[in-house]
Structures are given as structure tokens and as C-alpha cells.
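Reading the structure
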Amino acid sequence: LALEDDQGRRVVLITSDFEGVPKSMSDPVFEQLQKQFQLERQDVMFTFSHNHCGPRLGDDLVDYYPVDAEQVELVKEYTGLMVTKCVAMVGEALAQLAPARLQIGEGKTTFAVNRRDNREAEVPDLLAKGLPLKGVVDHAVPVLTVTRPDGTLSAVLFGYACHPTTLSFFTWCGDYPGFAQLEIERNHPGTTAMFVNTCGGDQNPIPRRSLELCQRYGQMLAAAVEEVLRQPLKPVSPGLRTAFELIDLPYLSVVSREELTGLLQDTNALRARWAARLLKDLDAGKKFESAYPYPIHAWRLGEELLVIGMGAEAVVDYALRFKREFGPGTWVCGYADDQIAYIPSRRVWEEGGYEGGSSLYEYGRPAFRWSGEVEERIVACVHRLAEKVRE
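Let us look at the structure shown here. (Residues numbered from 1 in each chain as written. Predicted model: local features only at pLDDT ≥ 70, side-chain atom pairs only at ≥ 80, totals over all residues. Heavy atoms only, no water.)

A word on the sheet that holds strand S10 (residues 234-235)
Picture the strands of a sheet paired through backbone hydrogen bonds; they go either parallel or antiparallel. Applied cut-off: Here, strands pair whenever DSSP counts at least two bridges between them. In this text, helices come from DSSP runs of H or I with a minimum length of four residues, and strands from runs of E with a minimum of two, each type numbered from the N-terminal end. Residues are treated as being in contact if the distance between any of their heavy atoms lies within 4.5 Å. Axis definition: a line fitted to C-alpha atoms, over the contacting stretch in the case of helices. Angles run 0 to 180 degrees between N-to-C directions.
Strand order in the open sheet formed by 5 strands is S8-S7-S6-S4-S10, with mixed pairing between adjacent strands. Each edge of the open sheet carries a strand with a single partner, namely strand S8 (192-197) and S10. In this sheet, strand S7 (residues 153-160) lies alongside strand S6 (residues 140-147) in antiparallel orientation, the contact comprising 5 bridges. Its bridge partner lying in S7, Thr-147 is registered against Leu-153. Strand contacts of helix H4 (residues 175-187): S7 and S8, with the helix running at about 155° to S8, the strand carrying the most contacts. Across the face of the sheet, helix H5 (residues 211-229) comes into contact with strand S4 (101-108), S6, S7 and S8 while running at roughly 55° to S6.

What follows is the structure, encoded as C-alpha cells:
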């Protein structure tokens, strides 16, 4: 989605059905876009749905699966191909810039479940009995439309906070966001449907594990979008302002050689692969950083829409907090620019568990856990950037 205001300022939002886009893949895209189209880093947001039936790119989840040399080369080849295709796609979008009107609205759908507070096996029975589920959720479906002067709908951008993990097989599929996009495009021929995962790090579609459920959730999301399109939408006034920062997110502690050596024969095969790779890095003279560079965007579209873009798997607390603090017309997109790891709020960090505990090794990071101050650092940065785009 390429936008240009009446002052010639441009932004590009890339949406994708990838599982994750690591910085080893997105950085070359950003560099090429600056070189070829003079798009600065703050003016490009590269999002991914986090679809679990999609390809692995670059060094994302580098230790997660056992791979052989042939697969390593295939991942490298495919990643390079996607860099080229993404840059070309942006070029095509910029070449097709034409007058348009932007409008926003918000719907609702309810298949996302807080997976930290509800046992998956118990959810179907609770739903059947009409009993309430536990935990925080964000069931909002934000919608932005792009309409041509003749009234033709050109694009629909929409979001939802939920893992695309309805399916768990090794077969290509876009999961529920893919089915939602297909449904919307069927309903509006010639329109491009684009999905962003708003902050679903601790949310799952439950029940799950069947293609029928996946299609059903996609239809539920598409129906929520269609309901918004039938209502009066709020026009977005002209004007684009953008701001961006990379901030350091500190680890609680960096893993030691002794810890890694002790994990070489770990019963968790993923942890053993991670330890072996990091030991090779240490043997090669590499030093582990004590923090990770975390990307954060703030875009202001007119006076009506504030878009906050956050890297990786941010939990739902962030979206709820920023929408509360900045008010109506606030979109919070997780899964932007870099698939780093889970990004817990302070609440989730203190509770621990999968999203807030010692799981960073799954993403290849040289630590088990984030420092407890990550939410504080992220919130301070978002407020700085929001202030910049309001000036």
C-alpha cells in the first residue's frame, strides 16, 4: 500500500503472509527501497501475518527445525528471491499512484482466545455452555479503505489480534488471514485485501487444528470487515507524518559458555541445536550483545489515524494500552519489520510462562529471557514518536 500526500511525502506499508521476516531479510529490502526510490527507513513498514503454514526466511527460527545443507541453500535462495520481489512490488505500487480517498472504521469478531489463561482442551466445552473465557483479548477489527474518485474500492486494509495457528501441518496455506483476504477479494472484484496482525502474541484461534475451522475463522473475519464497509466510514484528511526509532531491548542476562556447554546433550533438541550453534560462534571469536535493536514506527495519516508499528510478537496488552492512551483512531500493528521473539508486557513478564519466560532461545537469541524493563522502554519510545508526528 503506497500512499503520497499533497506535499509529496510517501509511505509504503508492505503486508505479507510470511511466518516471520527477520532483519536479515527486511534490511536488504529497506536498503534497496532507499537506493531505488528514496524511501527512508521511517517511511516503510514491513509487516507479516505470522502464518505458521508459510516459509522460513533468512535466519528466522534458525535453530527451530533440523535442516540439511540442501534446505539451508533453499532458504537462502527463497529469501533472496523474496527480497527482489518485494522491492519490485513496491516499485509497481509507486508507479500506480493515483488520486484516492482514505476512510476508516472498526468492526469486531471473537474467535481469538487468550491462550495463557484458557486451556485449549477446555475451550470448546466452555463455549458450548456459554461460559465466559478468561484473560485479556482485543477483538477489534480495524479497517482502512482506499477508494478512487469514481467510487471504485481499490484496497481494504484490515487487522486482527490473533496467531494464525489454526493449522499445524507442513502444507502451504495462508491460515485464517489468507481465507479472509480471499473472501473479501471475491466480494469486491478488483480490490486488494491486505491483513495486519495487530498484536496477537498471546492469542490463539481456539478450537483449531482443522481446515474447516480455519476457513470458518477467515469467513468470520471477512464478515466483520464487510459489516464495517456497510456502515458510514470516517474520512481521513490529507497529510502524512512519520517517525521511527531502533531502541535497545536488554536481555536479563547473556548466556555463558558454561551454560551452553551443559546444554549440548539437552533432551530438548531445539535447545541443544541452539547451544551448539552459539558455541561455534564463541569459538569463532564472536561476542554476544547484551540487547537487541527493536524497531518502532509511528505514522500519522491526516488527523484521524495514528499507526504504531512494533517489531515481533507483541502481546495484546500493548495494543490495549496504546489505544487507551492515544484514543480513537489508533492502530497498533505487531509483527512489523523484524521477527525477533515474543515481546511481553510487564504483566506477562512477571507472570512468566511461554510468552514472558525463558523462551528466547527458540528464536536464536543469545539469552533465555528479556529484562523486565522492556515495556517501559517501548512505551517511552512510542510516546516520543507519537509526539513527533503530532508536531
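Here's the deal with unusual backbone geometry
At the junction of Ile-206 and Pro-207, the peptide bond is cis and its omega measures out at 0° in the coordinates. Turning to its location among the elements, Pro-207 is positioned in the loop between strand S9 (203-205) and H5. Not every positive phi belongs to a glycine, and Asp-175 is a case in point at roughly 55°.

Comments concerning the nonpolar core
Side chains of nonpolar character tend, in soluble globular proteins, to be buried together. Here is the rule we go by: Here, the term nonpolar core denotes a set of buried Ala, Val, Leu, Ile, Met, Phe, Trp, Tyr and Cys residues that are joined through side-chain atoms within 4.5 Å. Buried means the residue's accessible area, taken with a 1.4 Å probe over protein chains only, is under 20% of the maximum for its type, while exposed means over 50%, and partly exposed covers the values in between.
Counting 38 residues, the largest nonpolar core has Tyr-294, Met-310, Tyr-318, Phe-322, Ile-343, Trp-370 and Ile-378 as the members making the most contacts within it. Those elements that place two or more of their residues in this core are strand S11 (240-250), strand S12 (291-301), strand S13 (305-310), helix H8 (316-326), strand S16 (342-343) and helix H11 (374-390). Considering each element in turn, this core owes the most residues, 8 residues, to H11. Those residues in contact with Tyr-318 that lie beyond four places of it in its chain are Cys-199, Met-310, Ile-343, Pro-344, Ser-345, Val-374, Glu-375 and Ile-378.

Quick word on the packing of aromatic side chains
The cut-off we apply is this: Ring pairs shown here join Phe, Tyr and Trp side chains whose ring centres sit within 6.5 Å, with only the six-membered ring taken for Trp; geometry is labelled stacked below 30 degrees between planes, edge-to-face above 60, and tilted in between. Think of it as a cone above the ring: NZ of Lys or CZ of Arg counts as a charge over the ring if it is within 6 Å of the ring centre and within 35 degrees of the ring normal.
Scanning the model with the defined rule gives 16 aromatic pairs in all. Ring centres of Tyr-176 and Phe-195 lie 5.9 Å apart, and the angle between their planes is 85°; on these two criteria the pair is classed as edge-to-face. Residue Tyr-176 is located in helix H4, and its partner Phe-195 is located in strand S8; the two are separated by 19 residues in the primary sequence. Taken individually, Tyr-176 and Phe-195 each receive the classification buried, so the pair is uniform in this respect. Taken together, the ring pairs connect Phe-111, Phe-158, Tyr-160, Tyr-176, Phe-195 and Tyr-217 into an aromatic cluster. The residue whose ring lies beneath Arg-41 is Phe-30, and the NZ or CZ to ring-centre distance is 3.8 Å. Positioned over the ring face of Trp-349 is Arg-369, at 4.1 Å from the centre of the ring.

Quick look at the sheet that holds S11
Pairing is mixed across the open sheet formed by 4 strands, whose spatial order is S11-S12-S13-S15. A strand with exactly one partner marks an edge of an open sheet, and here the two such strands are S11 and strand S15 (330-333). Averaged over neighbouring strand pairs, the angle between their axes works out to 15° when direction is ignored. Here 11 bridges tie S11 to S12, and the two strands are oriented antiparallel to one another. By the bridge assignment for S12, Leu-249 is matched with Tyr-292. Across the sheet, H8 touches S13 and S15, and the angle it forms with S15 is around 160°.

Overview of the pairing of S12
Successive residues of a regular strand alternate their side chains across the two faces of the sheet. The buried count for S12 comes to 10 of 11 residues, which makes it a mostly enclosed element. Bridge count for S12 against S13 is 6 bridges, and the pairing is antiparallel. Counterpart to Ile-296 in the pairing with S13 is Met-310. Connecting S12 to the next strand, S13, in antiparallel fashion are 3 residues, including Gly-302 with a positive phi near 60°.

Comments concerning the side chain of Asp-43
The test is simple: When charges are counted, Lys and Arg contribute as positive and Asp and Glu as negative, whereas His and the chain ends are disregarded. Take a side-chain nitrogen of Lys or Arg and a carboxyl oxygen of Asp or Glu: if they are within 4 Å of each other, that pair is a salt bridge.
Within the secondary structure layout, Asp-43 lies in the loop between helix H1 (23-37) and strand S3 (44-46). Although buried, Asp-43 forms no salt bridge, and the nearest oppositely charged side chain, Arg-10, lies 7.5 Å from it. Dropping the residues within four chain positions of it, Asp-43 is found in contact with Arg-10, Val-11, Val-12, Thr-242 and Trp-299.

Description of the side chain of Arg-56
Convention followed: For this analysis, a polar contact is any N or O atom pair within 3.5 Å, provided that within protein one partner can donate a hydrogen and the other can accept it, and provided that sequence-adjacent residues contribute only side-chain to side-chain pairs.
Within the secondary structure, Arg-56 sits in the loop between S3 and helix H2 (69-95). No salt bridge is formed by the buried Arg-56. Its closest oppositely charged neighbour is Asp-59, at 6.7 Å. Here Gly-58 takes part through its backbone oxygen, which lies 2.9 Å from a polar atom of the side chain of Arg-56. Residues contacting Arg-56, with those up to four places away along its chain left out, are Leu-61, Val-62, Val-75 and Thr-79.

A closer look at the packing of H1 against H2
What counts is decided by this rule: Helix crossings get a hand from a simple test, with the near helix turned counterclockwise from the far one by less than a right angle marking a left-handed crossing and a clockwise turn marking a right-handed one. As a working rule, the residues Ala, Val, Leu, Ile, Met, Phe, Trp, Tyr, Cys and Pro are called nonpolar, Asp, Glu, Lys and Arg charged, and the rest polar, with Gly in that last group.
Two numbers describe how H1 lies on H2: the axes approach to 9 Å, and their chain directions differ by 35°. Judged by the twist between their axes, the crossing of H1 over H2 is right-handed. Contacts between H1 and H2 involve Met-25, Pro-28, Val-29, Gln-32, Leu-33, Gln-36 and Phe-37 on the former and, on the latter, Thr-79, Met-82, Val-83, Cys-86, Val-87, Val-90, Gly-91 and Leu-94. For the contact of H1 with H2, the per-class residue count stands at 11 nonpolar, 4 polar and no charged.

The analysis is restricted to geometry; functional conclusions fall outside its scope.
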